[in-house]
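Observations on chain architecture
Spelled out, the chains give:
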Amino acid sequence: MSLLDKIDKNRLPAHIAIIMDGNGRWAKARGLERGEGHKEGVSVIKKVVESASKASVQYLTLYAFSTENWNRPSEEVKGLMDLMVYAISKETADLKKNGVRIRSIGDMHRLPEYTRTALEECIRETAGGTGLTLVLALSYSSKWELTTASRKIAADVAKGVLRVEDIDEETLANYLTTRGLPDPDLLIRTGGEQRISNFLLWQCVYAELYFTDTFWPDFGEETLYEAILEYQRRERRYGKTSEQIDSAQ
Ligand code: IPE
Ligand code: IPE
Ligand code: MG
């Protein structure tokens with residue numbers, strides 16, 4: 001029996017975000033180069049996208065490359081960019097067939113042209129998808145996103161298209177690259193570290209956090225469902241009391 005059967009379909013996380021960590025350590029433990037870990041990690045993405053679709057999750061955001069990851073050795077960065085282009089191009093047809101719609105968040109201008117072009121093509125090709133929305137966070141960080149949003153807001157105020165007194169939480173949310181996406185309900189981090197690493201700070205204010213020691217290349221269908229089941233055991237109170245939550249049900 002798959003853990004999928006134990007998941008309560010009425011209390012699914014609509015949006016799951018994952019910090020896919022541990023590729024390097026997975027490789028090292030096997031005496032392999034870090035690049036081999038990244039390769040294995042990319043193949044897991046396909047499995048996890050399929051599993052999330054099967055569980056009727058609507059949005060899946062994957063942290064694939066952070067602003068800080070630009071500071072890695074240049075060969076590793078190049079390897080990751082090549083791998084992403086390869087995976088995106090190879091999978092576009094299947095994603096389309098499965099109704100998956102691709103979207104990206106992050107500073108796309110920093111990506112090499114060939115990576116950006118492959119990504120844009122995949123976004124265009126899959127735009128009609130009505131199933132899972134797969135959001136790839138590439139060259140993304142929350143501090144970059146919030147700084148960029150602040151600049152745009154200031155520019156619009158200066159232009160006179162936005163009034164300072166009209167700025168509220170919704171305004172800010174609309175200036176973020178995640179505009180239109182619901183906030184993540186569940187944030188998973190693989191690889192054993194218990195930190196956020198500059199990921200979706202604004203959006204994850206009320207996400208349930210789930211940390212697992214499993215390295216990303218070992219993650220998969222059942223481990224994803226385990227995380228969803230743990231999510232369903234939590235009580236989301238949003239500042240209220242347990243009694244208030246009970247009486248509202
Ligand atoms: C995550 O795995 C993938 C990226 C950050 C691109 P890591 O490469 O960080 O793997 P570890 O943390 O060194 O094991
Ligand atoms: C976070 O992983 C970024 C991604 C998974 C893309 P890192 O491995 O870069 O995080 P830190 O630097 O250890 O916090
Ligand atoms: Mg890491």
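Predicted, not measured: the structure shown is a model, and the values here were computed from it. (Residues numbered from 1 in each chain as written. Chains lettered and ligands numbered in written order. Predicted model: local features only at pLDDT ≥ 70, side-chain atom pairs only at ≥ 80, totals over all residues. Heavy atoms only, no water.)

Neighbouring ligand 1 are the residues Met20, Asp21, Gly22, Asn23, Gly24, Arg25, Arg34, His38, Ala64, Asn69, Arg72 and Leu80. Here an oxygen atom of ligand 1 sits 2.9 Å away from a polar atom, N or O, in the side chain of aspartate 21. Contact distances for ligand 1 include 2.7 Å between an oxygen atom and a side-chain N or O atom of arginine 72. Across the complex, the protein chains shield 87% of the 380 Å² of accessible surface that ligand 1 would expose by itself. (Near = heavy atom within 4 Å. Polar contact = N/O pair within 3.5 Å; in protein donor to acceptor, adjacent residues only side chain to side chain. Areas by Shrake-Rupley, 256 points an atom, 1.4 Å probe, with all protein chains shown as cover.)

Positionally, threonine 178 belongs in the loop between helix H6 (169-174) and strand E5 (186-189). In this structure threonine 178 touches Arg103, Ile105, Glu145, Leu200 and Gln203, once residues within four positions along its chain are discounted. (Helix = DSSP H or I, 4+ residues; strand = E, 2+ residues; numbered from the N terminus. Contact = heavy atoms within 4.5 Å.)

Looking now at the layout of surface pockets. Roughly 1100 Å³ of internal volume is contained in the largest pocket. Around the largest pocket sit 46 residues that line it, and Met20, Asn23, Val42, Ile45 and Ala64 are the ones nearest its centre. Looking at the lining of the largest pocket, the elements with two or more residues in it are helix H1 (23-29), helix H2 (34-54), strand E2 (59-66), helix H3 (74-97) and strand E4 (133-140). Sorting elements by how many residues they give to the lining of the largest pocket places H2 first, with 11 residues. Classifying every residue of the lining of the largest pocket by side-chain character gives 21 nonpolar, 11 polar and 14 charged. (1 Å grid on protein atoms, 1.4 Å probe; cavity = no way out; pocket = protein on both sides within 12 Å on 5 of 7 lines; lining within 4 Å. Points joined across faces, edges and corners; volume = space filled by probe spheres on them. Nonpolar A, V, L, I, M, F, W, Y, C, P; charged D, E, K, R; others polar.)

Once that is clear, we can look at the nonpolar core. Counting 45 residues, the largest nonpolar core has Ile16, Ile18, Leu60, Ile188, Leu224 and Ile228 as its most contacted members. Put simply, the parts of the chain that give this core at least two residues each are strand E1 (15-19), H2, E2, H3, helix H4 (113-125), E4, E5 and helix H7 (221-233). Of all hydrophobic cores here, the second largest spans 14 residues; its members include Ala17, Val135, Leu181 and Phe199. (Core = buried A, V, L, I, M, F, W, Y, C linked by side-chain atoms within 4.5 Å. Buried < 20%, exposed > 50% of the residue type's maximum accessible area, 1.4 Å probe, protein only.)

This part covers the packing of aromatic side chains. With the rule as written, the count across this model stands at 7 aromatic pairs. Note on tyrosine 63 and tyrosine 140: the rings are 6.1 Å apart at their centroids and 80° apart in plane angle, and the pair reads as edge-to-face. In this pair, tyrosine 63 sits in strand E2 while tyrosine 140 sits in strand E4, placing the two residues 77 residues apart along the sequence. Tyrosine 140 shares its class with tyrosine 63; the two are buried. Residues tyrosine 140 and phenylalanine 199 carry aromatic rings whose centres are separated by 6.0 Å and whose planes lie at 90° to one another, so their mutual orientation is edge-to-face. Taken as a pair, tyrosine 140 in strand E4 and phenylalanine 199 in the loop between E5 and strand E6 (208-211) lie far apart in primary sequence, 59 residues in all. By relative accessible area, phenylalanine 199 is classed as buried at 0%. By way of ring pairs, the aromatic residues Tyr63, Tyr140, Trp144 and Phe199 are connected into one cluster. (Phe/Tyr/Trp six-rings, centres within 6.5 Å; stacked < 30°, edge-to-face > 60°.)

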